[in-house]
Amino acid sequence: MPMICLSDFEAYAKKHLPKTTWDFFAAGADECCTRDDNLLAYKRICFRPRMLRDMSVIDTRTMLLGTEISFPVGIAPTSFHRLAWPDGEKSTARAAEAMNTCYITSTYSTYTMEEIAAAAPNGFRWFQLYIHRNRALSEGLVRRVEAAGFQGLVLTADLPYPGKRRDDIRNNFQLPPHMTVKNFEGVFEEESCSEYGLPPNSIDPSVNWNDIYWLQSLTRLPIIVKGILTKEDADLAVRHGVQGIIVSNHGGRQLDGGPATIDALIEIVDTVQDRVEVYLDGGIRTGSDVLKALALGAKCVFLGRPALWGLTYKGEEGLREVLQILHDEFRLSMALAGCHNVSGIGRNLVQFSKL
């Protein structure tokens, strides 16, 4: 059967992955209310399409902190890509390079950042950072990120502790013995590692806004903070000098009962007032979802689970198919809504359903 939409890749991955791996990728926190609402929230938004606007030419390109990408969809940081495909993050990097978009590489990758950079030397990449209790370890990561040619540093702000993901607990999820968190290979050999490949409680729960200044003292790379859900934190992010904000609830894997990201987006965009770029992840499944997010003020959206489904299907080729389908759906949605280019997409394009 041809793969014609992202749900086809989801069904393939669910059928072909081991159950514990599928459950790990799919997991949300607690009752999964926030995970599920990330998707449902898009159904509450309707378009106000414009007609007779000569849609013979449509331009999907946009800019991310001064770098052009082919369309406003990037790849969010997710861990352990080798669970989906043998070449793991190297395939992810190649697909992003081929589609000329941004790939945010996870700290918890199953290839080193240097191996990922070498796999797609001309790719546009940011690096997602967790700050560890061992600050020297995190400082070393930042130095390596710069040396490997990454173009941005994404600080995850919403994980002082991992959320309670019931299926992972029931399944006693563990990384397979032949797989490691490669960026830390050799660092923790003397210690017993938890289900997520590092010693328990290795992430620093004391991280606070002053650590933005600490990161700025280590690197000249732009800093993007991921995990913002309120106008108060958006304002603090701007005042601490970040260059970008990713509106994110960690795919619903952290605090259950928080807002869907598309619902949190508006107050953050209104607070930031173009002082920094605002992005979004969570719940993107169609090109029309992308268009709705841009209409509400996101500069770009990032894919989490669908990227893993594409990898599961056919590695780099499968992920390229996922991205191409989203590109084509986004372009068609633009055309049918009367939008010639990304800069012409605005809030007057959407309304919230009264149902």
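Everything here concerns the structure above.
Here the structure is a predicted model, which means the values were calculated and not measured.

Draft legend 1. Representation of the overall build of the chain in the model. Along the chain, the regular secondary structure elements total twelve helices and twelve strands. In terms of C-alpha radius of gyration, the chain reaches 19 Å, essentially the compact-globule figure of 20 Å for 355 residues. In terms of its C-alpha atoms, the chain occupies a principal-axis envelope of roughly 65 × 50 × 40 Å. Residue burial in the chain is summarised as follows: out of 355 residues, 57% are buried. Charge separation in the chain, taken as the distance between the mean sites of 38 positive and 43 negative side-chain charges, equals 4 Å.

Draft legend 2. Expanded view of the packing of aromatic side chains. Considering all chains together, one arrives at twelve aromatic pairs under this definition. Ring geometry for F24 against F25: centres 5.8 Å apart, planes inclined by 45°, an arrangement best described as tilted. Judged on exposure class, the residue F24 and its partner F25 are both buried. On the numbers, 6.2 Å between centres and 40° between planes, the contact of W126 with F302 is tilted. Linking W126 in strand β6 (residues 124-129) with F302 in strand β11 (residues 300-303), this pair joins segments that are 176 residues apart in sequence. Taken individually, W126 and F302 each receive the classification buried, so the pair is uniform in this respect. Members of the aromatic cluster, each reached through a chain of ring pairs, are F24, F25, F80, Y108, Y130 and F173.

Draft legend 3. Inspection of the nonpolar core at higher detail. Ranked by size, the top nonpolar core spans 106 residues in total, and within it F80, L215, I245, I262, L265, L280 and I345 carry the most contacts. Counting residues per element, this core draws most heavily on helix α12 (residues 305-337), at 14 residues. Apart from the residues lying within four places of it in its own chain, the contact partners of I262 are A41, Y42, I45, L280, K292, A293 and L296. In this structure, L64, A76, W126 and C300 belong to the second largest nonpolar core, which totals 13 residues.

Draft legend 4. Highlighting the state of the cysteines. Using the criterion set out here, one finds zero disulfides in the structure. Here C102 stays free of any disulfide, with the sulfur of C300 as its closest cysteine sulfur at 7.1 Å. Of all cysteine sulfurs in the structure, the one in C46 sits closest to C339, which takes part in no disulfide; the separation is 15 Å. According to the relative accessible area criterion, C339 is buried, its value standing at 5%.

Draft legend 5. Main features of helix α9 (residues 231-239). Within α9, the full set of buried residues consists of A234, A237 and V238. Looking straight down α9, one finds that the buried residues subtend no more than 95° of arc, so they occupy a single side. If you follow the buried residues of α9, they end up packed against β8 (223-228), β9 (244-247) and α10 (261-272). Two residues or fewer after α9 comes G241, characterised by a positive phi angle close to 85°.

Draft legend 6. Examining the environment of G227 more closely. Residue placement: G227 occurs in strand β8. Separated by 59 residues in the primary sequence, G227 and T286 have C-alpha atoms spaced 22 Å apart. Non-local contacts of G227, meaning those with residues more than four positions away in its chain, are made with D158, I246 and S248.

Draft legend 7. Main features of helix α4 (residues 88-98). Among the eleven residues that make up α4, eight are buried, leaving the element largely enclosed by the rest of the structure. Buried within α4 we find G88, E89, K90, S91, T92, A93, A95 and A96. Tucked inside the fold, the buried residues of α4 contact β4 (73-75), β5 (102-105), α5 (113-119) and α12. Phi turns positive one or two residues past the end of α4, at N100, with a value near 55°.

Rules used throughout
Residues numbered from 1 in each chain as written. Predicted model: local features only at pLDDT ≥ 70, side-chain atom pairs only at ≥ 80, totals over all residues. Heavy atoms only, no water. Helix = DSSP H or I, 4+ residues; strand = E, 2+ residues; numbered from the N terminus. Rg over C-alpha atoms; globule rule 2.2 N^0.38 Å. Buried < 20%, exposed > 50% of the residue type's maximum accessible area, 1.4 Å probe, protein only. Lys, Arg positive; Asp, Glu negative; His and termini not counted. Charge placed at Lys NZ, Arg CZ, Asp CG, Glu CD. Phe/Tyr/Trp six-rings, centres within 6.5 Å; stacked < 30°, edge-to-face > 60°. Core = buried A, V, L, I, M, F, W, Y, C linked by side-chain atoms within 4.5 Å. Contact = heavy atoms within 4.5 Å. Disulfide = S-S within 2.5 Å. Arc of directions from axis to C-beta.

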